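Coordinate inspection notes
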Amino acid sequence: MGRVDHSWIILALLVLGCTSDKKEEPTEGFEADADTDTDADTDADTDTDTDTDTDADTGPAPCDVATRVIDVGTDTDGDGYSDEDEVHAGTDPTDPASVVYTGGWPYNQDKDAIVDPGWEIPGEDGATLPRFVGLDQYGQTVDIYDFANQGVTTVLDMSTEWCGPCNAVADWLGGDEDALLGYPWWKEEYRCIPDLVNKRQIQWITVLYEDGAHEDATLEVAQRWHESHPHDLIPVLVDEEKLLHAHIRATGIPNANLLTETMVFDGFDDRGLDGAFDTLVERYLE
């Protein structure tokens, strides 16, 4: 008997690969691709696109934040302050170079009506923030009670120059969308918080209490911070005597607290900022 040529069989196996009559079915709750959800794409959500949110598009949903229009009333010189506020503050309502604050921060004629609790009692939820006064990045003395009665929530951000995450938050507020992605407390829901600041739905105040060498902050620190992280709507105040730092007793920075229109702590937190961020998302972004 002649020798049988099996070469064609070997060639067919190489081309077609090994097959089975039984079809492989995915185990319940898993799938046959390389991620950890139950759909058939390769991301980690349950829709059919390739991003990580839960809608069926190919990118995050755009931020839907309206711009808050501020009507200051009669403003003869067009400097952003009403004539009435300028007269009350002692600046010239007919001179655009004569302003209450160079940074354009708000002015509150009724700030003296807020009862200042002083610095003896530590901060807590429901307590009024003491009347802090500090230099801003332009070298002007700023009264924090001027931010009261403006119709919006205020975010009080305690930071230092040496703190890497604090700098990252400032970069994020300034437009670097990826600045916080590597931090374990980051949530995708926080993505639109900078829009709340930029469109004036909330006020953000950054307070620096130490420089890069862990020494007390000075005006120069606020100026360097503003140069590195410029933002026209965010005052950078200097806590030279660490009054606010001692009052809040921040054990983890960056630390953010929310303040009501009357400068009352709304959900006091002495560590981190995710608590304040979660509240902002719930109130403004859901």
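Quick note: structure is the one above.
I will try to describe carefully the structure that is included in this document.

Rules of the game
Residues numbered from 1 in each chain as written. Predicted model: local features only at pLDDT ≥ 70, side-chain atom pairs only at ≥ 80, totals over all residues. Heavy atoms only, no water. Helix = DSSP H or I, 4+ residues; strand = E, 2+ residues; numbered from the N terminus. Buried < 20%, exposed > 50% of the residue type's maximum accessible area, 1.4 Å probe, protein only. Areas by Shrake-Rupley, 256 points an atom, 1.4 Å probe, with all protein chains shown as cover. Disulfide = S-S within 2.5 Å. Polar contact = N/O pair within 3.5 Å; in protein donor to acceptor, adjacent residues only side chain to side chain. Contact = heavy atoms within 4.5 Å. Arc of directions from axis to C-beta. Pairing = 2+ DSSP bridges. Axes fitted to C-alpha atoms, helices over the stretch in contact; angles between N-to-C directions. Patch = residues over 30% accessible without salt bridge, like charges linked within 9 Å, V, L, I, M, F, W, Y side chains within 5 Å. Salt bridge = Lys/Arg side-chain N within 4 Å of Asp/Glu carboxyl O. Lys, Arg positive; Asp, Glu negative; His and termini not counted. Charge placed at Lys NZ, Arg CZ, Asp CG, Glu CD.

For the chain, the count of helices and strands is seven helices and six strands. Element order for the chain, N to C, with α for helix and β for strand: α-α-β-β-β-α-α-β-α-β-α-β-α. Of all 286 residues assigned to the chain, the portion counted as buried reaches 42%. If you sum the accessible surface of the chain, you get close to 15800 Å²; carbon and sulfur atoms cover 51% of it.

With omega at 0 degrees, the peptide bond leading from I253 into P254 counts as cis. Phi at H214 is positive, roughly 65 degrees, even though this residue is not glycine.

Turning to the state of the cysteines, a few remarks are in order. Evaluated as defined, the whole model comprises two disulfides. Here C63 pairs with C192 through a disulfide, and the sulfurs are 2.0 Å apart. Taking the torsion about the S-S bond as the criterion, the C63 to C192 disulfide, at about -85 degrees, is left-handed. Within this pair, whereas C63 is found in the loop between α1 (7–16) and α2 (83–89), its partner C192 is found in the loop between α3 (164–173) and α4 (193–198), the two being separated by 129 residues in sequence. Judged by relative accessible area, C63 falls into the partly exposed class, the value being 25%. Take C192: its relative accessible area is 10%, and that puts it in the buried class. What pairs with C163 in a disulfide is C166, and their sulfur atoms sit 2.3 Å apart. The sign of the S-S torsion, about 80 degrees, decides the handedness of the disulfide formed by C163 and C166: right-handed. The residues C163 and C166 share a single accessibility class, namely buried. Regarding the disulfides, the chain carries the connectivity 1-4, 2-3 under sequence-order numbering of its bonded cysteines.

Here we come to the side chain of S82. Within the fold, S82 resides in the loop between α1 and α2. Under the relative-accessibility criterion, S82 is labelled buried at 7%. A distance of 3.0 Å separates a polar side-chain atom of S82 from the backbone nitrogen of D85. Ignoring any residue separated from it by four or fewer positions in sequence, one finds S82 in contact with V72 and T74.

We now examine helix α7 (residues 274–285). Among the residues of α7, A276, F277, L280 and V281 are the ones counted as buried. Taken end-on, α7 shows its buried residues confined to a sector of 140 degrees, consistent with a single buried face.

Attention shifts here to the sheet that holds strand β5 (residues 236–238). Sheet architecture is open: four strands sit in the order β5-β4-β3-β6, paired in mixed fashion. Strands with a single pairing partner mark the edges of an open sheet, and in this sheet they are β5 and β6 (255–259). With strand direction ignored, the average angle separating the axes of adjacent strands in the sheet is 25 degrees. In this sheet, strand β4 (residues 202–208) lies alongside strand β3 (residues 153–159) in parallel orientation, the contact comprising seven bridges.

It is worth spelling out the pairing of β4 at this point. Of all seven residues that make up β4, seven are buried, and the element is covered over most of its length. Alternating positions in β4 separate into two faces, I202, W204, T206 and L208 on one and Q203, I205 and V207 on the other, with burial throughout.

As a further point, take a negative patch on the surface. On the surface, D171, D176, E177 and D178 cluster together into a patch of negative charge. Structurally, D171 is set in helix α3.

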